Amino acid sequence: MTDNLSLQQLENNDAFVQRHIGPDEAEQQHMLATLGATSLDELIAQTVPENILLEKPMQIGDAQTEESVLGYLKQVASQNKLYKSYIGMGYSDTLVPNVILRNVMENPGWYTAYTPYQPEIAQGRLQSLLNYQQMVVDLTGLEMANASLLDEGTAAAEAMALSKRVSKNKKSNVYFIADDVHPQTINVVKTRAEMFGFEVLVAPAKDAADADVFGALFQYPSTTGEITDLTDLIAAVQAKKGIASVAADILSLTLLKAPGELGADVVLGSSQRFGVPLGYGGPHAAFFATRDKFKRSLPGRIIGVSQDTRGNQALRMALQTREQHIRREKANSNICTAQVLLANMAVFYAIYHGPEGLKQIAQRVNRLTTILATGLQAKGFELAHDTWFDTITLNVGDKKSALVEKALANEINFRTDLDGQIGISVDETTSASDIAQLFDVLIGEGHGLDIDAIDAQITSESISSIPAELVRQSDFLTNEVFNTHHSETEMLRYIKHLESKDLALNHSMISLGSCTMKLNATAEMIPVTWPEFASLHPFVPVDQAKGYQQMITELSDWLVEATGYDALSMQPNSGAQGEYAGLLAIQKYHESRGDTHRNVCLIPSSAHGTNPASAQMASMKVVVVKCDAKGNVDMDDLREKAEQVSENLSCIMITYPSTHGVYEETIREICDLVHAHGGQVYMDGANMNAQVGVTSPGFIGSDVSHLNLHKTFCIPHGGGGPGMGPIGVKSHLAPFLPDHPVINVDQTTSGNGAVSAAPWGSAGILPISWVYIALMGGQGLRKATQVAILSANYMAKRLEEHFPILYTGRNDKVAHECIIDLRPLKEASGITEMDVAKRLMDYGFHAPTMSFPVAGTLMVEPTESEPLSEIDRFVDALIAIRKEIAQVESGEWTLEDNPLHNAPHTMADLVDANWSRNYSRELAVFPTAQAATNKFWPTVNRIDDVYGDRNLVCTCPSTESYAEE
Ligand SMILES: *Cc1c(COP(=O)(O)O)cnc(C)c1O
């Protein structure tokens, strides 16, 4: 090292790229040397098929420092205008309790965890999600709830799909939607229905009484604020064997009779207003509850109570046989990533306030609304309804545009999409002075109304806006957890208590193949909670969201460049949702050419479960294509199948590099073959981390892909969501991208229908990917891909002496991940992949992806962000575990009494007075000196999956049942 560096060299010292990428230059050289390569470019040439290597670098600009990127983005964000929004329509501003903002939303202990596939080191968020399910069950008055869906619109679409599955009215193909459901919900459900081939009837709610339908959806309170007793309509639908669903406002349920008590079969909605920022549309968690008898038809993840090997209560994901990763095209839905972080925030909000606190927030919101309504009526305004919770709709006729203009001039947004009416929704952030301002704007100065006087009148006359028969009588949130943590000290400690049970990226690497658990840099996260991004309602006039529009356009342009496509839709809010949107575009394209019969989707057997599940949602027929002995698509089988279905071929869904972790040499041939049969190529972009800057889907020849921004582009996984799944398309598919019924996202796509409730999906987390790309620049992104490939190959190289690497491509190289095959060891020793996965916990690691895409294997993906020391530590742990397996093979340990079979080990093991195992406690809990210095304690022993599904409990057990143990 020299002491006389130039200014530029000194400035480069602070480059972000070198912090994002784990191994430094010297370490990269060392890793390259073990692989017989001298440079990253040489390694890429040895690994990636020549005919797909990009010919010119991406045009994405130069890498920048954190300071300059955040400075620029702050300026962009400040173009967003933070008006007071009374728009409602399922989105309400909320006060995020600061203790939750900082310690959950902004805390990597919560936001960098993955879906709780390894429940022994995920009991914290599992507990929190169980609390969430309890909260939903209580508020909705139903029996079973899942742990979140993507948004209210898609939850309603899932309710329709569930209705079709369980309804005994098998003759009807019609789904009824009350016309006073939120417009974006109607639109999302219609899009879904069209693809399923269901008919949709949108009509006044009362018409449901006479309709012969397999299901019906109502909104409670209605989109314009009315509260009606749905009991008779629900009964009428059920009398004809239809399933009745109710979309409800979560805060209102603290005051209103629960829809479950009105007889509803399904209750759904958004939990956003429980302390989750608006974020210009998301991410927010949708809730979904149903009757116990429909539990096997529930979409999404469900948390259940089970027990561990010591008989202690332990939590896990229940009834997974409903889900896409097991049931594939027969799954209940394609949902994979959901909204775990936001569900957790919502339930922490409920815990923070408690049932009384929530009720008072609701009462305050309702009281302010009543004051507003009373004052306006006194001044001659006509209300559309005489009941309300937080929303009133004014019949203003031809005065509408003048009133809206005046409001805008006062930095106020009303709901404006209703003919001759304006809607006003009050929320937790609304104050009495805001109501006074509304009087000024709507009536004019000098109106003489006095808030306190109106309030006194309401109190003394007991004026109620809620029909007496719909006032909630039943208790809710009686469980202890909702009634104890009301001081900030207790709240802070409860959050920390749960956090500390969970292994996240801030402890050690999570090498989950296919999931790309890379660094989520702090600089990327910071803008998410800037008010300029966090506080915008999704339906504000677009000219108030110029900052968002600029950021989204820039991000979109970069992603178009990185994918080699021509256009992009930012609407899908998960990878699976992107698949669905992409397949929809393909089907609409075929239709536009008169090819309505093209409905076959070819899917290689190695595909992710969401692929066949999404194809099913697009009413496609899935034809599985075999893989050959090397893990590649069996070209003969593909040729044969494509030939067989040629006439009716819609598309192929293919992941690249393959889910087997290799760059298939025949990918261009595959694209050509499918095109020759008139089909389209859907390339699953979840593995873009092995493509960016090196090759691209568009360049390879595919037509459409989704991108998992929560994998390749640094959005953290949040413990199982949020995510974003925008889709890129070639120009011929661009006219078939989603639109939106409330906000015009793109003139050219109008009429296609929405796939998500919000126009730009979970726009609130897009700054993360934007900052990542801006920090890395085109070259940095390419380098990240190269190092991801380097690290995977280095790891494969070190492991191959100890475990067979199942598949490799050219020059024996893997792509960005590799599969280690444990089946031979299982054969020889009886030790399973599960034993290895659990034993890794004792060494302080989260297991890699288990038994996907091949049963009996582990799939490891280190990503570019893991430093060499961590990669080596992980490999060393696996090698040590291999030696332990050898001791079982040799008979030194029996199959029942060895540290693998009994893993993970807990503190209960360490202090067990009756320890009588054939190995020491030290070996059990501190297998290496390194594990001892950075110990992560699983809080439960191995969990019994079967017990949990047999004895299904999906709400919080009472304190007594914990005490019984
Ligand atoms: C993660 C993944 C998906 C699904 O993405 P979600 O955001 O979880 O819906 C699809 N395909 C592959 C290959 C994946 O790894």
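Just so it is clear, the model here is predicted, and its values are computed rather than measured.

## Regarding the state of the cysteines
For the structure on display, the rule yields zero disulfides. With no disulfide of its own, Cys-515 lies 7.6 Å from the sulfur of Cys-336, the closest cysteine sulfur. Cys-515 sits in the buried class, given a relative accessible area of 8%. No disulfide involves Cys-818; its sulfur sits 14 Å from the nearest other cysteine sulfur, which is in Cys-515.

## Here we look at the domain arrangement of the chain
According to the domain assignment, the chain contains domain 1 (86-508) and domain 2 (779-948). The gap between the C-alpha centroids of domain 1 and domain 2 is 42 Å. Between domain 1 and domain 2, the contact holds 22 residues from the first and 29 residues from the second. When the buried area of domain 1 at its contact with domain 2 is split by residue, Gln-118, Glu-120 and Arg-310 rank highest and sum to 31% of it. The interface formed by domain 1 and domain 2 includes four salt bridges.

## Re the environment of Ile-371
Relative to the helices and strands, Ile-371 resides in helix H13 (residues 340-378). Ile-371 sits 85 residues away from Ala-456 along the chain, and the two C-alpha atoms are 9.8 Å apart. Excluding anything up to four places from it in sequence, Ile-371 contacts Ile-435, Phe-439, Ile-451, Ile-454, Asp-455 and Ile-458.

## Here's the deal with the site of the ligand
Around the ligand there are 14 residues in total, and Thr-337, Ser-514, Asp-684, His-710 and Lys-711 lie nearest to it. Between the ligand and the protein, one listed contact pairs an oxygen atom with a side-chain N or O atom of Thr-337 at 2.6 Å. Within the side chain of Ser-514, an N or O atom sits 2.6 Å from an oxygen atom of the ligand. In the complex, the protein chains occlude 99% of the 380 Å² of accessible area that the ligand would expose alone. No other element matches the three residues that helix H21 (residues 575-592) contributes to the shell around the ligand. Tallied by class, the residues present in the shell around the ligand amount to three nonpolar, eight polar and three charged.

## Here we look at the side chain of Asp-390
By the element assignment, Asp-390 lies in the loop between strand E11 (382-383) and strand E12 (391-395). Residue classification places Asp-390 among the buried positions, given a relative accessible area of 7%. Within the local environment of Asp-390, its side chain forms a polar contact with the side chain of Arg-273, the two groups lying 2.8 Å apart. A polar contact is formed between the side chain of Asp-390 and the side chain of Thr-391, at a distance of 2.8 Å. Not counting chain neighbours up to four residues away, the residues in contact with Asp-390 comprise Ser-92, Asp-249, Arg-273, Val-365, Thr-369, Ile-424, Ser-425 and Val-426.

## Some points on the packing of aromatic side chains
What characterises a pair of aromatic rings is the spacing of the ring centres plus the angle enclosed by the ring planes. This model, assessed by the stated rule, comprises 22 aromatic pairs. Ring geometry for Trp-893 and Tyr-919: centres 6.2 Å apart, planes at 70°, overall edge-to-face. With a gap of 26 residues between them, Trp-893 in the loop between helix H29 (868-889) and helix H30 (907-910) and Tyr-919 in the loop between H30 and helix H31 (921-925) connect regions that are remote in the sequence. Each member of the pair, Trp-893 as well as Tyr-919, is classed as buried. Geometrically, the ring pair formed by Phe-926 and Trp-937 is edge-to-face, given 5.9 Å between the ring centres and 70° between the ring planes.

## Here we look at the environment of Tyr-794
Inspection of the secondary structure assignment puts Tyr-794 in helix H26 (residues 766-799). In this structure the C-alpha to C-alpha distance between Tyr-794 and Asp-872, which are 78 residues apart in sequence, comes to 9.5 Å. Look past the residues within four positions of Tyr-794 in its chain and what remains in contact with it is His-30, Met-31, Thr-34, Leu-35, Leu-868, Ile-871 and Asp-872.

Calculation rules
Positions within a chain are numbered from 1, following the residues in the order the chain's sequence is written. With pLDDT at 70 or above as the cut-off, local features in this predicted model cover only qualifying residues; side-chain atom pairs require 80 or more to be listed or tallied, and sums for whole chains, interfaces and linings still use all residues. Note that water and hydrogens are dropped before the side-chain values are worked out from all heavy atoms of the structure. The disulfide definition used here is simple: a pair of cysteine sulfur atoms within 2.5 Å. With a 1.4 Å probe rolled over the protein chains alone, any residue whose accessible area is under 20% of its type maximum counts as buried; one over 50% counts as exposed, and the rest are partly exposed. What fixes the domain bounds is an automatic or database domain assignment. Residue contacts follow a heavy-atom distance rule, with two residues in contact if any of their heavy atoms lie within 4.5 Å. As used here, buried area is the combined drop in accessible area, with a 1.4 Å probe, of two parts when they are placed together. Should a side-chain nitrogen of Lys or Arg be within 4 Å of a carboxyl oxygen of Asp or Glu, the pair is scored as a salt bridge. Secondary structure counts use DSSP, requiring at least four H or I residues in a row for a helix and at least two E residues in a row for a strand, with both numbered from the N terminus. For each residue, the test is whether any non-hydrogen atom lies within 4 Å of the molecule or strand; if one does, the residue is near. Definition of a polar contact: a pair of N or O atoms within 3.5 Å, with one able to donate and the other able to accept a hydrogen when the atoms are protein atoms, and with sequence-neighbouring residues admitted only if both atoms are side-chain atoms. The Shrake-Rupley method, run with a 1.4 Å probe, gives the accessible areas here. Residue values count only the displayed protein chains as cover. Under the convention adopted here, Pro, Cys and the residues Ala, Val, Leu, Ile, Met, Phe, Trp and Tyr are nonpolar, Asp, Glu, Lys and Arg are charged, and Gly plus all remaining residues are polar. Centres within 6.5 Å make a pair out of two Phe, Tyr or Trp rings, where for Trp the six-membered ring is used; the pair is then stacked when the planes are under 30 degrees apart, edge-to-face when over 60, and tilted otherwise.

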